[in-house]
Amino acid sequence: MANLLSLKIGQSARVTQIRAVNHIDQRILSLGIGADVIVKVCKVAPLGDPIAVEVDGAQIVLRKSEAQGILVEPV
Amino acid sequence: MESAVSPAPKRTVRIALIGNPNTGKSTLFNNLTGLRQRTGNYPGVTVSRKAGTMKLSNSTAELIDLPGTYSLSAHSPDERVVIDVLNGRFTEIGKPDIILFVADAANLRRNLFLASQIATLKIPMVMILNQWDSVAPSGQQIDLNLLKGRLKVPVIPTIGTKNKGTLEIIEAIERLLEEPQFLPEIHWPKSMASAVDHLKASLPCVGNELLSESETHRLLFDTHSAEVSRLKVSADKARKEVKTAREFLRKDGMNPLVAEAMLHYRHIDGLIGGVVLKDAQLAHGATESIDRLLLHRGWGLAAFVGMMYVVFQAVYSWAGPVMDIIEMGKVWIQDLIGPALAGTPMLQSLILDGVIEGVGAFLVFLPQILILFAFISLLEDSGYMARAAFIMDKLFSWCGLNGKSFVPLLSSYACAIPGIMATRTIEDPKSRLATVFVAPFMSCSARLPVYILCIGAFIEPVYGPWWAGFTLFAMHFLGLAVAVPTAWVVTRFVLKTKSQPFVMELPKYRAPRMKDVLYRMWQAGWEFIQKAGTIIFLITIIIWASLYFPRSDDKAADFQASFVAEKVTEGIGNEAQVLALLEDADSELAHEFNLFLGSSQINQSYMGRIGKAIQPIFEPAGFDWRISISVLASYPAREVIISTLGIIYSLGGDVDEEDGSLRAALKNSEWQEGEKSSTPIYTVPVVIGLMVFFALCSQCGATTSIIVKEAGWKWAIISFVYMTALAWIGAVLCYQVGTNLF
Ligand SMILES: Nc1nc2c(ncn2[C@@H]2O[C@H](COP(=O)(O)OP(=O)(O)OP(=O)(O)O)[C@@H](O)[C@H]2O)c(=O)[nH]1
Ligand SMILES: [Mg+2]
């Protein structure tokens, strides 16, 4: 199954599931990244990690290790 | 008969500002109270609760500004502030009567998540849609009337930065005081009531109070809730009861770890369905274009390094002319007051050599402080600071810090105290402690005077302005270079807890407001001046006294006799002739005698004796007793070195007459005895070693006490010993390597 990291910059996708990593998944959820939400990977830091994901017009920074736990299907 | 029943004495109304980070709570707080809380375009500017008074039409109310948060869940006691205030858990501030919920209007859905959680508390609420000005540019439209109908509380669009909507907020508060209105609560499945009741019944808090409903939600839904520490029962018992309560939910087909967000967002989507119209095409233009450059692989990194370099260059070079003016002013005052006090030599010395010299030497660095704070404020308010955290996370993560450590560390370049306070925005306890531990290594503005003095006197004249700027940059970089491996060791070997991930919101770029920048500069400058008037002033007097006393006419006569005897053996003339030459104040001999007298007096003063006693410790770093004393005197606050050196050289009569600066005095300073006699004390290795010592040493009482507060005694002591040891080793290395290799 595809996860956030498999998206290209600028590509949108629908979140299908968030795999528990830590209590981080709770934080991610409260930031509005949850099932059925449309997300877009919009930036990668100059050094390659972390990335910024756009949700509802806000940009949320996540490390790649956490982004991997967010499963998506491209739309 | 008149009724004995008078209306109950009205207590002050309590109002709390709550919302996501960076939505404008502090800006509104300032508008409503007329106070000046710090604001900034970075999530997490406010780190602790602040109270102020606001006017209503017939009364006043207490307004509380709180740190921003995305949710009520708390994994550490610091994160608990908001939920604790809401439940009236602080004895000093009761439960709020009204909540001013500050939402970022351009991001309504996400912001309402916290509001929906808060609705459980059943406190009347005003829904403020701040940053209303950014709704249209983000390609959205909000149907206000529809929203008002749905939320069932006053909904007020505001623009905090333009003070728009402030009156409407006050009106809404008054309406709510007449007739409370509440945000519609989420409809929980029936099993929730059983779970909540079970927890309330089985888990009493310390002091036998009951958990509130919102607190039971935290225990139910959070994996490591900080509420546990408030319970009367053991953590094991709490875990067991929470497990039982979660079973109620599981039986109802819910996964307790994701149910909360799912249900709240479903509730919110019902509330705002059809309210927000999006025009996807328009979505953020400017921010995207700027980021394309500033977060670019190559350009982005270059811009980051370039910006940091410009800051340090500017601090060094722009301040020069202003410093010269302040220095001239100091000499001018001394010349003005000096003659008037000629009759009382001791008072004259106290005022001229002690107070004016000591405090003046310190105040000279005011321009640097102002420039540094102007830059920090500009970087923060524009939104770049959050980008810097984004860029730096990779570099920081391998050593156990994270991107959010960047802002505390950069603030520590101004002063470690706000820097250490700012670590509260770091959720991961391990990264947070490591950041607290390494923050004092960042080269704070109190070190700046030492660098400027040393570089201005010894580097710039010989190697030119380019190397001067470079040295200053290198000194500021040194702290970071030491901090990174230190953090690595601390997080790898000392703190054994599991590290936690990094999540942060990137704010949009904004044009900084001149007013905010100027205010930040003024505040920093004023604090600096106050320091000059209090602690520096006091220490200055103590140091002057310990350098001046013991002193007596007998001693002076003895010194004169030995000086004369020496001149006689040198064959200048017989005793009477030498004495006659000394009578003439303008003669070269009289001048030489004054220097001799000054340094002899200092040599045998209390401070001089202590200096000689401790000098062997600093011998390997090439420090003479005067530097050793100044280093010792700087432990309460490192800036004191400047005043101390100022007084030592001024009392010693060494300060050059034409150029009254300390800089010149240091240049002329030579070893008086021993094998190095008559060679300069301040060679380049000594100067670099001295700067390195100040870069690394823990010389700030205020910082040590804030570490005690944020991390405990143990860490404060470790930090003090570690930094001092490192500083000494650094200075010795510089001197030994520099002297023996070059
Ligand atoms: N465009 C715009 N900017 C605003 C408005 N209100 C506040 N700001 C800016 O938004 C930024 C954040 O404001 P603060 O008042 O510090 O926000 P806060 O909610 O207290 O933030 P934290 O303390 O970090 O939670 C600052 O740069 C403000 O100048 C507004 O109505 N419109
Ligand atoms: Mg604030």
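Residues numbered from 1 in each chain as written. Chains lettered and ligands numbered in written order. Predicted model: local features only at pLDDT ≥ 70, side-chain atom pairs only at ≥ 80, totals over all residues. Heavy atoms only, no water.

Visitor: Give me the lowdown on the coordination of the magnesium ion (ligand 2), citing residues and values where you can.
Guide: All names here are of chain B. Protein-derived coordination of the magnesium ion (ligand 2) comes from S26 (OG) and T46 (OG1), at a distance range of 1.9 to 2.0 Å. Of this pair, S26 sits in helix α1 (residues 25-33) while T46 is found in the loop between α1 and β2 (50-55), placing the two residues 20 residues apart along the sequence. Given a relative accessible area of 8%, S26 falls into the buried group. (Donors = N, O, S within 2.8 Å, 3.2 Å for Na, K, Ca; no water. Helix = DSSP H or I, 4+ residues; strand = E, 2+ residues; numbered from the N terminus. Buried < 20%, exposed > 50% of the residue type's maximum accessible area, 1.4 Å probe, protein only.)

Visitor: Explain the interface of chain B and chain A residue by residue, including any values.
Guide: The interface of chain B with chain A comprises 47 residues on the first partner and 30 residues on the second. Taken together, the two surfaces of chain B and chain A that pack against each other cover about 3,400 Å², and 57% of this comes from carbon and sulfur. Considering only the surface of chain B that becomes buried against chain A, F390, P501 and V503 of chain B emerge as the three largest contributors, covering 18% of it. At the junction of chain B and chain A, the tally comes to five salt bridges. Here R63 of chain A makes a salt bridge to D393 of chain B, at a shortest N to O gap of 2.8 Å. Between the two partners, chain B and chain A, sit 10 residue pairs in polar contact (both at pLDDT 80 or more). Of all elements in the fold, only α3 (108-119), α7 (213-221), α9 (256-272), α10 (286-294), α15 (384-397) and β9 (503-506) of chain B reach the threshold of two or more residues within the side of chain B that touches chain A. With seven residues, the top contributor of residues to the side of chain B that touches chain A is α15 of chain B. Partitioning the side of chain B that touches chain A into residue classes produces 19 nonpolar, 12 polar and 16 charged. Relative to β9 of chain B, strand β4 (residues 58-62) of chain A runs antiparallel, the two sharing four bridges. The partner of Q59 of chain A across the bridge, within β9 of chain B, is L506 of chain B. (Contact = heavy atoms within 4.5 Å. Buried area = accessible area lost by both parts, 1.4 Å probe. Salt bridge = Lys/Arg side-chain N within 4 Å of Asp/Glu carboxyl O. Polar contact = N/O pair within 3.5 Å; in protein donor to acceptor, adjacent residues only side chain to side chain. Nonpolar A, V, L, I, M, F, W, Y, C, P; charged D, E, K, R; others polar. Pairing = 2+ DSSP bridges.)

Visitor: Provide a residue-level description of the nonpolar core, including the pertinent values.
Guide: One finds F406, F623, Y682 and F693 of chain B to be the most contacted residues of the largest nonpolar core, which totals 136 residues. Element by element, the count of residues in this core is highest for helix α19 (residues 448-463) of chain B, at 10 residues. The next biggest cluster of nonpolar side chains, apart from the first, holds 63 residues, and it includes V72 of chain A together with I118, A119 and I142 of chain B. (Core = buried A, V, L, I, M, F, W, Y, C linked by side-chain atoms within 4.5 Å.)

Visitor: Explain helix α14 (residues 366-382) of chain B to me, using residue names and the numbers behind them.
Guide: All names here are of chain B. Taking 1.5 Å of rise per residue, the 17 residues of α14 would be expected to cover 24 Å, and the 24 Å separating its terminal C-alpha atoms lies within 8% of that figure. A large share of α14 lies buried, amounting to 15 of its 17 residues. Of the residues one or two after α14, G383 is the one with positive phi, at around 105°. (Expected span 1.5 Å × (residues − 1).)

Visitor: Lay out the sheet that holds strand β1 (residues 13-19) of chain B in plain terms, naming residues and giving numbers.
Guide: All names here are of chain B. Ordered by their spatial adjacency, six strands build an open sheet running β2-β3-β1-β4-β5-β7, and the pairing between neighbours is mixed. If you trace the sheet from one side to the other, it starts and ends with β2 and β7 (155-157), each paired once. Each strand axis lies, on average, 25° off the axis of its neighbour in the sheet, ignoring direction. Across five bridges, β1 lies against strand β4 (residues 98-104) in parallel orientation. Its bridge partner lying in β4, I15 is registered against I98. (Axes fitted to C-alpha atoms, helices over the stretch in contact; angles between N-to-C directions.)

Visitor: Can you explain the site of ligand 1? Please cite residues and give values.
Guide: Residue and element names in this part refer to chain B. In the neighbourhood of ligand 1, 23 residues make up the surrounding shell, with K25, T27, G44, V45 and T46 lying closest. G44 is positioned such that a nitrogen or oxygen atom in its backbone is 2.7 Å from an oxygen atom of ligand 1. Contacts to ligand 1 include Q131, whose backbone N or O atom sits 3.2 Å from an oxygen atom. Coverage of ligand 1 by the protein amounts to 96% of the 660 Å² it exposes when considered alone. No other element matches α1, which puts three residues into the shell around ligand 1. (Near = heavy atom within 4 Å. Areas by Shrake-Rupley, 256 points an atom, 1.4 Å probe, with all protein chains shown as cover.)

Visitor: Please give an account of the sheet that holds strand β1 (residues 12-18) of chain A that cites residues and values.
Guide: Spatially, β5(A)-β1(A)-β2(A)-β3(A)-β4(A)-β9(B) is the arrangement adopted by the six strands of the open sheet, whose pairing is antiparallel. Lying at the two open borders of the sheet, with one neighbouring strand each, are β5 (70-74) of chain A together with β9 of chain B. Taking the axes of each pair of neighbouring strands and ignoring which way they run, one obtains an average angle of 40° across the sheet.

Visitor: For the pattern of salt bridges, give the residues involved together with the corresponding values.
Guide: All names here are of chain B. Applying the stated criterion across every chain, the model contains 29 salt bridges over all chains. Here D84 ties to R80 by a salt bridge, and the two come within 3.0 Å at their closest N and O atoms. On the basis of relative accessibility, which here comes to 5%, the residue D84 falls in the buried class. One salt bridge connects R250 with E247, and the closest N-O pair in it is separated by 3.8 Å. Taken together, the positions of R250 and E247, both in helix α8 (residues 235-251) and three residues apart, correspond to about one turn of that helix. Overall, the relative accessible area of 34% leaves E247 in the partly exposed class. Linked by salt bridges that have partners in common, R80, D84, R89, E209, E215, E227 and R230 make up one network.

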